[in-house]
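Listed below are the residues making up each chain.
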Amino acid sequence: GAGVSQTPSNKVTEKGKYVELRCDPISGHTALYWYRQSLGQGPEFLIYFQGTGAADDSGLPNDRFFAVRPEGSVSTLKIQRTERGDSAVYLCASSPQTASRGGYTFGSGTRLTVV
Amino acid sequence: ELKVEQNPLFLSMQEGKNYTIYCNYSTTSDRLYWYRQDPGKSLESLFVLLSNGAVKQEGRLMASLDTKARLSTLHITAAVHDLSATYFCAPRGSNYKLTFGKGTLLTVNP
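### Some words on the environment of aspartate 86 of chain A
Residue and element names in this part refer to chain A.
Turning to step 1, where the next piece is worked out: Mapping aspartate 86 onto the fold places it in the loop between strand S8 (75-79) and strand S9 (88-95).
Turning to step 2, where the next piece is worked out: Residue classification places aspartate 86 among the buried residues on the basis of a relative accessible area of 3%.
Turning to step 3, where the next piece is worked out: When the C-alpha atoms of aspartate 86 and threonine 76 are compared, they prove to be 16 Å apart, with ten residues separating the residues in sequence.
Turning to step 4, where the next piece is worked out: Setting aside residues no more than four positions away along its own chain, aspartate 86 makes contact with Arg36, Arg64, Phe65, Ile79, Leu112 and Val114.

Structure follows, in structure tokens:
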């Protein structure tokens, strides 16, 4: 597609529930990143995929968070047993390989609210 | 671990004035990005600075990079209301991941 697409744009869930957030990167971009942005803060790195594999998952806060990219394009961020502290905007970005010349294109984000 | 400090965090300017936002980072980085974010919106790429001494300009914004000092600046010339937004710097560290500053909330008043 023309840009990075994230769905849903908004998600309200109850504490303890499971949620999935989807990211559809720009076609042909092999690198995909998830970031989390809390209110009034800069985005924080969660996980980076190169192709199908997670090259760096050091930013995932705990084992309730998991992400997959089974075919090297669409990625899903999964959060189990959601907590109120998980409320944030989850941003996805993609780049051609390692953004050797250009930059990272960010999606519009999914605003997650845990009530 | 790469740490980023941006200042000021809040900046209120009058239209027509000049100001500079500073971005310090703690460890070696191969490039640095500046982004703009409007309320409720995603990140819009402004500049990517690839080497020491790099300077890029677009309209009323000019960004520079000093890799030896681990410092980047975003200079605003003759500010206009349309520049009101939050600005983030983000040096790139290991595994191509970006580390963002807390952002500078810029408000340009008439």
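Having seen the structure, we can now continue with the description.
### Remarks on the nonpolar core
Turning to step 1, where the next piece is worked out: Residues Leu32, Trp34, Leu74, Ile76, Tyr87 and Leu106 of chain B are the most contacted members of the largest nonpolar core, which totals 24 residues.
Turning to step 2, where the next piece is worked out: Non-local contacts of leucine 106 of chain B, meaning those with residues more than four positions away in its chain, are made with Leu11, Met13, Ile76, Leu83, Ser84, Ala85 and Tyr87 of chain B.
Turning to step 3, where the next piece is worked out: Val19, Leu21, Leu77 and Ile79 of chain A belong to the second largest nonpolar core, which has 20 residues in total.

### Let's talk about the interface of chain B and chain A
Turning to step 1, where the next piece is worked out: Every contact between the two is made by 17 residues of chain B and, on the other side, 24 residues of chain A.
Turning to step 2, where the next piece is worked out: For the pair chain B and chain A, the summed buried surface comes to about 1600 Å²; carbon and sulfur atoms form 49% of the total.
Turning to step 3, where the next piece is worked out: Inspection of the chain B/chain A interface yields one salt bridge.
Turning to step 4, where the next piece is worked out: Salt-bridge contacts for lysine 97 of chain B lead to aspartate 56 of chain A; the nearest nitrogen and oxygen are separated by 2.9 Å.
Turning to step 5, where the next piece is worked out: Counting the contacts that link chain B with chain A gives nine residue pairs in polar contact (both at pLDDT 80 or more).
Turning to step 6, where the next piece is worked out: The element best represented in the side of chain B that touches chain A is strand S4 (residues 32-37) of chain B, accounting for three residues.
Turning to step 7, where the next piece is worked out: In terms of residue class, the side of chain B that touches chain A is made up of eight nonpolar, five polar and four charged.

### What about the packing of aromatic side chains?
Turning to step 1, where the next piece is worked out: Inspection of the entire model under this criterion finds twelve aromatic pairs over all chains.
Turning to step 2, where the next piece is worked out: With 5.8 Å between their ring centres and 55° between their planes, tyrosine 35 of chain A and phenylalanine 106 of chain A make a pair best called tilted. Of the two residues, tyrosine 35 of chain A is situated in strand S4 (residues 31-37) and phenylalanine 106 of chain A in strand S10 (residues 105-106); the sequence distance between them amounts to 71 residues.
Turning to step 3, where the next piece is worked out: Where phenylalanine 106 of chain A meets tyrosine 35 of chain B, the ring centres are 5.4 Å apart and the plane angle is 85°; that geometry is what we call edge-to-face. Of this pair, phenylalanine 106 of chain A sits in strand S10 while tyrosine 35 of chain B is found in strand S4, placing the two residues in two different chains. Across the pair, tyrosine 35 of chain B and phenylalanine 106 of chain A agree in class, each one buried.
Turning to step 4, where the next piece is worked out: Here the aromatic residues Tyr33, Tyr35, Phe45, Tyr48, Tyr104 and Phe106 of chain A together with Tyr33, Tyr35, Phe88, Tyr96 and Phe100 of chain B are joined through ring pairs into a cluster of three or more.

### Description of the sheet that holds strand S8 (residues 71-76) of chain B
All names here are of chain B.
Turning to step 1, where the next piece is worked out: Here five strands make up an open sheet; going across it, the order is S1-S3-S8-S7-S6 and the pairing antiparallel. Of all the strands in the sheet, just strand S1 (4-7) and strand S6 (55-58) have a single pairing partner and so form its edges. Geometrically, the sheet is characterised by an average inter-axis angle of 15° between neighbouring strands, direction not taken into account.
Turning to step 2, where the next piece is worked out: Relative to S8, strand S3 (residues 19-25) runs antiparallel, the two being bridged by six bridges. Directly across from tyrosine 19, in S8, lies its bridge partner isoleucine 76.

About the criteria used
Residues numbered from 1 in each chain as written. Chains lettered and ligands numbered in written order. Predicted model: local features only at pLDDT ≥ 70, side-chain atom pairs only at ≥ 80, totals over all residues. Heavy atoms only, no water. Helix = DSSP H or I, 4+ residues; strand = E, 2+ residues; numbered from the N terminus. Buried < 20%, exposed > 50% of the residue type's maximum accessible area, 1.4 Å probe, protein only. Contact = heavy atoms within 4.5 Å. Core = buried A, V, L, I, M, F, W, Y, C linked by side-chain atoms within 4.5 Å. Buried area = accessible area lost by both parts, 1.4 Å probe. Salt bridge = Lys/Arg side-chain N within 4 Å of Asp/Glu carboxyl O. Polar contact = N/O pair within 3.5 Å; in protein donor to acceptor, adjacent residues only side chain to side chain. Nonpolar A, V, L, I, M, F, W, Y, C, P; charged D, E, K, R; others polar. Phe/Tyr/Trp six-rings, centres within 6.5 Å; stacked < 30°, edge-to-face > 60°. Pairing = 2+ DSSP bridges. Axes fitted to C-alpha atoms, helices over the stretch in contact; angles between N-to-C directions.

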